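The residues making up each chain are set out below.
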Amino acid sequence: MTRFWRRNSLTLVFFALSLVALSSQLFVGLADHNRTLTAEGLVPAGVWDYLTSSQFAVDVAENWQSEFLQFALFITATVWLVQAGSPESDPPGEQGPGTDAEERVGPHAPPDAPPAARAGGWRAAVYGRSLGILMAAIFVASWAVQAVTGWTAHNADRLRSLQDPLDFGAYLMAPDFWNRTLQNWQSEFLAVTSMVIFSVYLRQWGSAQSKRVGDPHSVVG
């Protein structure tokens, strides 16, 4: 167990933090939701009712979709785009997809390489893009969940205000949907921008995401 912890501590800690944050969001969101219901003279919701509600689902989904959009874009953009001096970037002039030899696929794969990499051909091509594909798929799925649950939650608010509900197409053009979407996108893009450029000039001792403290600003990778 100790060996498993040492080898997977980064994943385990951040997964635990995500569960703690999600649980906290559930109870804080429930309190805020019930405050609104009580102010409108309605019966407060229970934990299970709120957990399975569109209101909770849309709040979770709108954050997930922006996070995975950030990962999908950053993973694929760094194939072609560079930032001189950033540890998150290839050296200028060396960007672009590598050759089979550089990526160690097909006949260039070591014996302990993943089977798809050793196979080469289309299997290696798909596997070699699988991280970006997965992140993009999760983004699309969570954005779709946000759209559907946001539509349901928005119409519930409209019905409580004695307004006619919107059809799905109208909701996709409504300010509520795009406000939920864009307020998350702008923060994710700014976070990536900050990480890329600040890592050129600043250091974090011992971090794999930072250059060594004594490395020149021009060093990349």
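A short tour of the structure in this document, coming up. Remember, it's a predicted structure, so these values are computed and weren't measured experimentally. (Residues numbered from 1 in each chain as written. Predicted model: local features only at pLDDT ≥ 70, side-chain atom pairs only at ≥ 80, totals over all residues. Heavy atoms only, no water.)

It is worth spelling out the packing of helix α3 (residues 54-80) against helix α7 (residues 130-160) at this point. Taken N-terminus to C-terminus, the directions of α3 and α7 make an angle of 155 degrees; their axes are 7 Å apart at the nearest point. Compared by their axis directions, α3 and α7 come out roughly antiparallel. The hand of the α3/α7 crossing is left-handed. The residue makeup of the contact of α3 with α7, split by class, is 17 nonpolar, nine polar and two charged. (Axes fitted to C-alpha atoms, helices over the stretch in contact; angles between N-to-C directions. Helix = DSSP H or I, 4+ residues; strand = E, 2+ residues; numbered from the N terminus. Parallel < 35°, antiparallel > 145°, perpendicular 65-115°, else oblique. Left-handed = near helix turned anticlockwise from the far one by under 90°. Nonpolar A, V, L, I, M, F, W, Y, C, P; charged D, E, K, R; others polar.)

Counting residues in each nonpolar core, the largest one holds six residues, listed as Phe 68, Leu 69, Ala 72, Met 135, Phe 139 and Trp 185. Of all elements in the fold, only α3 and α7 reach the threshold of two or more residues within this core. A total of three residues in this core trace back to one element, the largest contributor, which is α3. Ignoring any residue separated from it by four or fewer positions in sequence, one finds Phe 68 in contact with Met 135, Ile 138 and Phe 139. (Core = buried A, V, L, I, M, F, W, Y, C linked by side-chain atoms within 4.5 Å. Buried < 20%, exposed > 50% of the residue type's maximum accessible area, 1.4 Å probe, protein only. Contact = heavy atoms within 4.5 Å.)

Counted according to the given criterion, the structure contains 10 aromatic pairs. Pairing Trp 143 with Trp 178 gives two aromatic rings, centres 6.1 Å apart and planes at 80 degrees, and the pair type is edge-to-face. Highlighted residues: Trp 143 in helix α7 and Trp 178 in helix α9 (residues 175-201), separated in sequence by 35 residues. With a relative accessible area of 30%, Trp 178 lands in the partly exposed category. Seen in terms of ring centroids, Trp 143 and Trp 185 are 5.3 Å apart; in terms of plane orientation they differ by 55 degrees. Their pairing is tilted. Linking Trp 143 in helix α7 with Trp 185 in helix α9, this pair joins segments that are 42 residues apart in sequence. Judged by its relative accessible area of 16%, Trp 185 falls in the buried class. Chaining the aromatic ring pairs together yields one cluster made of Phe 139, Trp 143, Tyr 171, Phe 177, Trp 178 and Trp 185. (Phe/Tyr/Trp six-rings, centres within 6.5 Å; stacked < 30°, edge-to-face > 60°.)

In the structure shown here, the tally under the stated rule is seven salt bridges. We note a salt bridge from Asp 157 to Arg 160, for which the minimum N-O separation is 2.5 Å. Linking Asp 157 with Arg 160, this pair stays in helix α7, spanning three residues, or about one helical turn. Accessibility expressed as a relative area gives 31% for Arg 160, which makes it partly exposed. (Salt bridge = Lys/Arg side-chain N within 4 Å of Asp/Glu carboxyl O.)

On to the packing of α3 against α9. Where α3 contacts α9, the two axes come as close as 9 Å, and the packing angle between them is 35 degrees. Regarding α3 and α9, the two cross each other, and that crossing is right-handed. Contacts between α3 and α9 involve Gln 55, Val 58, Asp 59, Glu 62, Asn 63, Gln 65, Ser 66, Glu 67, Leu 69, Gln 70, Leu 73 and Phe 74 from the former and Arg 180, Thr 181, Gln 183, Asn 184, Trp 185, Glu 188, Phe 189, Val 192, Met 195 and Val 196 from the latter. Classifying every residue of the contact of α3 with α9 by side-chain character gives nine nonpolar, eight polar and five charged.

Our focus in this paragraph is a nonpolar patch on the surface. Taken together, the side chains of Met 1, Phe 4, Trp 5, Leu 10, Leu 12, Val 13, Phe 14 and Leu 17 define a hydrophobic patch exposed on the protein surface, amounting to about 890 Å² of accessible area. Summarising the element assignment, Phe 14 is placed in helix α1 (residues 2-39). (Patch = residues over 30% accessible without salt bridge, like charges linked within 9 Å, V, L, I, M, F, W, Y side chains within 5 Å. Areas by Shrake-Rupley, 256 points an atom, 1.4 Å probe, with all protein chains shown as cover.)

Turning our attention to unusual backbone geometry. One non-glycine residue, Arg 104, adopts positive backbone phi at about 60 degrees. If you trace the backbone, Arg 104 turns up in the loop between α4 (100-103) and α5 (115-119). Within the chain, Leu 162 stands out as a residue other than glycine whose phi angle is a positive 65 degrees. When you line up the elements, Leu 162 lands in the loop between α7 and α8 (168-172). Classification of Leu 162 by relative accessible area gives exposed; the value is 78%.

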